[in-house]
Amino acid sequence: MKIAVVGATGMVGQVMLKVLAERKFPVTELLPVASERSVGSKISFNDREYEVIGLEEAVKQKPDIALFSAGGETSLEWAPKFAAVGTTVIDNSSAWRMQPDKKLVVPEINASDLSAEDKIIANPNCSTIQMVMALAPLHKKYGISRVVVSTYQSITGTGVKAVQQLENEYKGEKGEMAYPYPIHRNAIPQCDVFEENGYTKEEMKLTNETKKILKDDSVHVTATAIRIPVVGGHSESVNITFKNDFELGEIRRILKEFPGITLQDNTDVNTYPMPIYAEGKDDVFIGRIRRDLSQPNSLNMWIVADNLRKGAATNAVQIAEYLVDNKLV
Ligand code: 2RA
């Protein structure tokens, strides 16, 4: 397969290349694509060196699949150009996620919705992916009426500048600021910009994308997204109210059996998910599962995942794997 990685020099693009190699994706030709200022630079992949090319050149070479992580503007302009030459685009930006005719895919949940006609496929937001991995199997069994989620998000979700700001603050050094406030020893109750309704774009992604992936607008979701000085992954405290009662043991069995979920849930030995241990892994880690004693048919859980891997690069590569395995490209 001729594979383009658009945004190859960026944080997620680099993880996409790493995951493609780790999972031995059948790459016969790699097109690392980046902005003009990076054209001509070299990147290594599978022990070979490749020269970074620009978007015009990449479209001309008609890749089979293009993994995009280059921001919404680039995707809105260039994904259709790749699709027009027959490339299947898997886009990690928010540009296409809520378009009615575009599929928003977490392979373990709804890959079977994909067809060969889908030439632009949307990768959900990282904080959505890890949450719906838990919600989907439980919604199928019990029906979910409401979700209250608070996220504790890694600064890697913001990008390299934020990671650099935190490192500078650790060292007591001045430097470029990704945030108007210190990240070190702080918690910033803002991920992305605020909308008219007082929620941030990040919080509304959790609401809107969840409804689309579960194919059920009756699932009510309210979110608060916090940025914290962590690099390994996003953590989420999730409270779920079901339409029907449940057995905790069955909840655990359903989650344990769902592909891509690892339960870490034994308070007797202080076992629960933490980003420091989720970093670099592809599973979604779930623990602290307990009935909500204040509300019938409700429970709490703690969900942790590496936001650059299952939250972005690995989910995109898994979509590509599904397309190849099912001869949809
Ligand atoms: C964040 N989910 O964490 C967003 C984008 N990666 O900032």
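- As recorded in an unreviewed UniProt entry, the protein chain goes by the name Aspartate-semialdehyde dehydrogenase, listed as coming from Salinimicrobium sediminis.
- UniProt annotates the protein chain under Catalytic activity (unreviewed entry) with the comment "L-aspartate 4-semialdehyde + phosphate + NADP(+) = 4-phospho-L-aspartate + NADPH + H(+)".
- The Function (unreviewed entry) field of the UniProt record for the protein chain holds the comment "Catalyzes the NADPH-dependent formation of L-aspartate-semialdehyde (L-ASA) by the reductive dephosphorylation of L-aspartyl-4-phosphate."

**What to know about the side chain of Arg-309**
1) Next: With respect to the helices and strands, the residue Arg-309 is situated in helix α10 (residues 309-325).
2) Next: Look past the residues within four positions of Arg-309 in its chain and what remains in contact with it is Val-15, Lys-18, Val-19, Glu-22, Gly-280, Lys-281, Asp-282, Thr-314 and Asn-315.

**Re the packing of helix α1 (residues 11-22) against α10**
1) Next: Running from N to C, α1 and α10 cross one another at 50 degrees; their axes reach a closest spacing of 9 Å. The orientation of α1 with respect to α10, classified from their angle, is oblique. Crossing of α1 over α10 shows right-handed handedness. Contacts between α1 and α10 involve Val-12, Val-15, Met-16, Lys-18, Val-19, Leu-20 and Glu-22 from the first element and Arg-309, Ala-312, Ala-313, Thr-314, Ala-316 and Val-317 from the second.

**Focus on the UniProt feature "binding site: phosphate" (unreviewed entry) in the protein chain**
1) Next: UniProt's feature table lists "binding site: phosphate" (unreviewed entry) at Arg-97, given in the numbering used throughout.
2) Next: Within the secondary structure layout, Arg-97 lies in the loop between β6 (88-91) and α4 (107-110).
3) Next: Residues within four places of Arg-97 in sequence aside, it is in contact with Asn-92, Leu-104, Ala-122, Asn-123, Pro-124, Asn-125, Lys-205, Glu-209 and Lys-212.
4) Next: In terms of polar contacts, Arg-97 uses its side chain to reach the backbone carbonyl oxygen of Asn-92, at 2.8 Å.

**Focus: the environment of Val-52**
1) Next: The topology assignment puts Val-52 in the loop between β4 (48-51) and α2 (55-60).
2) Next: For the pair formed by Val-52 and Gly-40, sequence separation is twelve residues and the distance between their alpha carbons is 5.2 Å.
3) Next: Ignoring anything within four residues of it in the chain, the contact list for Val-52 reads Thr-9, Pro-32, Val-33, Ala-34, Ser-38, Val-39, Gly-40, Ser-41 and Ile-43.

**Points about unusual backbone geometry**
1) Next: Residues other than glycine seldom take positive phi values, yet Lys-24 does so here, at roughly 50 degrees.
2) Next: You can see Lys-24 is positioned in the loop between α1 and β2 (29-33).
3) Next: According to the relative accessible area criterion, Lys-24 is exposed, its value standing at 72%.
4) Next: Positive phi is not limited to glycine here, since Asn-270 has a value of about 50 degrees.
5) Next: Residue position: Asn-270 is located in the loop between β11 (261-263) and α9 (275-278).

Analysis parameters
- Residues numbered from 1 in each chain as written.
- Predicted model: local features only at pLDDT ≥ 70, side-chain atom pairs only at ≥ 80, totals over all residues.
- Heavy atoms only, no water.
- UniProt positions renumbered as here; feature names shortened; annotations may be inferred.
- Helix = DSSP H or I, 4+ residues; strand = E, 2+ residues; numbered from the N terminus.
- Contact = heavy atoms within 4.5 Å.
- Axes fitted to C-alpha atoms, helices over the stretch in contact; angles between N-to-C directions.
- Parallel < 35°, antiparallel > 145°, perpendicular 65-115°, else oblique.
- Left-handed = near helix turned anticlockwise from the far one by under 90°.
- Polar contact = N/O pair within 3.5 Å; in protein donor to acceptor, adjacent residues only side chain to side chain.
- Buried < 20%, exposed > 50% of the residue type's maximum accessible area, 1.4 Å probe, protein only.

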